[in-house]
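# Summary of the model geometry
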Amino acid sequence: MRVKKYLVETMPEAMSQIRQELGKDAVIVSTKEVKSGGILGMFAKKMIEVTAAVDDSPAKQAPQPRPAARPAVPAAMARNAYAGKPPNPPKSPAVTQRHELASPAADQLDEALFKDLLQELRGGGEAKPAEPTQIAPATITNSVKAPVTQQEPWRDEIREVKEMVKSMLRKSEHENWTAYAKQLETRLLEQGITSELSYSIIDRAMSSCRTEGSAEPAPTLLHSRVESVLEEKLARQCKPGLSRSTNVVYFVGATGVGKTTTIAKLAADQMFHHQRKVGFITSDTYRIAAVEQLRTYASILNAPIEVVTSPNDLQRALESLQDCDLILMDTAGRNYRNDMHVNEINSMLKPVEGSETFLVLSLTSKTEDMMAIINRFAKHTIDRIIFTKADETDTCGSIVNLTDKTDIPFSYVTCGQNVPDDIKPFEPKEIIRLLLGD
């Protein structure tokens with residue numbers, strides 16, 4: 001009896017090889033999943049080890065050469081990429097056979113991927129994806145055409161090597177930071193800023209200090225540069241206050257984020273500090289006493305209020321309040337994970353000239369939850385963001401995290417229950433003060 005093991009990616013591939021080498025009378029004895037290839041034990045690929053057997057007989061077929069398996073990226077190739085050398089993998093028999101079978105198109109693709117890797121490592125930033133390599137038709141015709149899917153695992157391995165090298169460079173750079181730089185990074189992490197963004201902020205500040213000739217900057221200098229980096233990020237999305245051209249504002253958001261109280265604060269601010277006549281509309285007929293809460297605020301401020309239950313009612317309410325300089329509309333806080341509820345709220349928002357939609361987010365929420373809410377409501381256009389409950393949390397790093405995830409501008413921050421005092425236009429310097437604990 002002849003017994004032979006096969007290392008393959010799929011069972012159909014194993015069956016084909018078994019029939020070719022052992023004949024149609026062969027039987028599969030066992031199969032198991034194993035890992036093969038990789039670099040120093042990392043990035044190994046899942047394969048299937050199949051054991052087959054056949055009785056010795058004169059009729060059995062002569063064994064056929066086994067097709068070469070696609071190799072993983074060798075460690076030497078990764079070191080060459082890091083050193084800036086062109087890819088030069090070891091000439092093992094399997095690799096030699098692969099290069100004999102591979103088309104010039106595949107070779108050009110591999111070269112483009114390595115150039116992409118080198119560009120990113122040398123530049124220290126995000127490299128642009130490699131442009132598709134232009135290949136002459138004659139080259140394709142005269143070569144063995146490899147399927148596109150065959151190149152995808154190779155691309156994945158290149159990306160994994162790139163991430164590994166970037167991680168090594170980042171760790172090496174981190175070890176050269178001053179003690180105060182590491183202290184500032186810890187502070188940013190404690191404020192809820194992601195580890196990658198915290199590293200990027202301190203690294204940019206350190207690079208700025210080195211450009212000025214200070215390899216080991218004093219704490220005051222480094223602190224100032226970190227403030228500058230944060231202010232640059234936050235200022236890009238700072239759009240405080242309301243313009244005179246805005247005359248209708250819709251407020252949307254998840255349940256319990258403080259939309260109604262925020263509307264009352266903003267109304268009082270516009271009436272007392274900007275001398276604008278304000279009117280209220282509410283469609284929040286789901287929450288108990290929600291209408292009465294806004295009606296109470298309207299009574300205190302001596303402002304008109306309209307209650308709507310359908311899009312047709314909204315048109316009537318807008319016409320009724322047309323003599324107001326500013327109309328603020330409260331909507332029901334519903335489960336943002338339910339598309340039907342979100343669509344129901346958005347159906348009430350009539351786009352009119354001079355209208356804006358404000359999304360209210362609580363700073364007690366996680367960054368991931370904030371982004372989930374933004375993505376749900378952004379399908380129907382969000383113009384600005386208001387952050388609430390700043391007094392109920394010790395961290396505000398999620399604001400910085402959002403600057404890397406959305407382009408929606410930030411307009412206000414609320415920090416208490418007092419009307420109208422506890423609302424302020426978004427101010428980057430104030431957020432930085434809270435972040436760094438100044």
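Numbering of residues starts from 1 in every chain and runs along the sequence as written. Reporting of local features is limited, given that this is a predicted model, to residues whose pLDDT is at least 70; pairs of side-chain atoms are given and counted only at 80 or more, and all residues count toward the totals for whole chains, interfaces and linings. Heavy atoms throughout the structure, all of them, feed into the side-chain values; hydrogens and water do not.

## Section: the sheet that holds strand β9 (residues 384–388)
In a beta sheet, neighbouring strands pair by backbone hydrogen bonds and run either parallel or antiparallel. The line we're drawing: We treat two strands as partners when DSSP finds at least two bridges between them. Strands are runs of DSSP state E lasting at least 2 residues, helices are runs of H or I lasting at least 4, and numbering of each runs from the N terminus. Lines fitted to the C-alpha atoms define the axes, with helices restricted to the stretch that makes contact. Angles between their N-to-C directions range from 0 to 180 degrees. Note on contacts: a residue pair qualifies if any of its non-hydrogen atoms lie within 4.5 Å across the two residues.
Read from one edge of the open sheet, eight strands run β6-β5-β7-β4-β8-β9-β10-β11, paired in mixed fashion. The sheet is open, and its two edges are formed by β6 (305–307) and β11 (423–425), each paired on a single side. Each strand of the sheet is rotated relative to its neighbour by a mean of 25°, with strand direction disregarded. Docked against the sheet, helix α12 (residues 311–320) engages β4 (248–253), β5 (278–282), β6 and β7 (326–330), running at close to 170° with respect to β6. Its contacts with the sheet place helix α14 (residues 367–377) against β4, β8 (355–362) and β9, and it is angled at close to 155° to β8.

## Considering the pairing of strand β10 (residues 410–414)
Heads up, the condition is: Categorising residues by exposure relies on relative accessible area from a 1.4 Å probe, with only protein chains included: less than 20% of the type maximum marks a residue as buried, more than 50% marks it as exposed, and the intermediate range marks it as partly exposed. Consider the strands pointing away from the viewer: the crossover is right-handed when the path from the first strand over the helix to the second runs clockwise.
Among the five residues in β10, five count as buried, and that is most of the element. Sheet analysis places β9 next to β10, joined by three bridges and oriented parallel. Bridge assignment links Phe-387 to a residue of β10, and that residue is Val-413. Handedness of the β9-helix α15 (residues 397–403)-β10 crossover: right-handed.

## Observations regarding the sheet that holds strand β1 (residues 2–8)
Overall, antiparallel pairing links the three strands, which are arranged β1-β3-β2 in an open sheet. Looking at the sheet topology across the chains shown, the edges are occupied by β1 and β2 (27–36). Between one strand axis and the next, the sheet turns through 20° on average, direction left out of account. Pairing analysis gives seven bridges linking β1 to strand β3 (residues 45–54), with the strands arranged antiparallel. Bridging from a neighbouring strand, Leu-7 pairs with Glu-49 of β3. Contacting β1, β2 and β3, helix α1 (residues 11–22) crosses the sheet at an angle of about 145° to β1.

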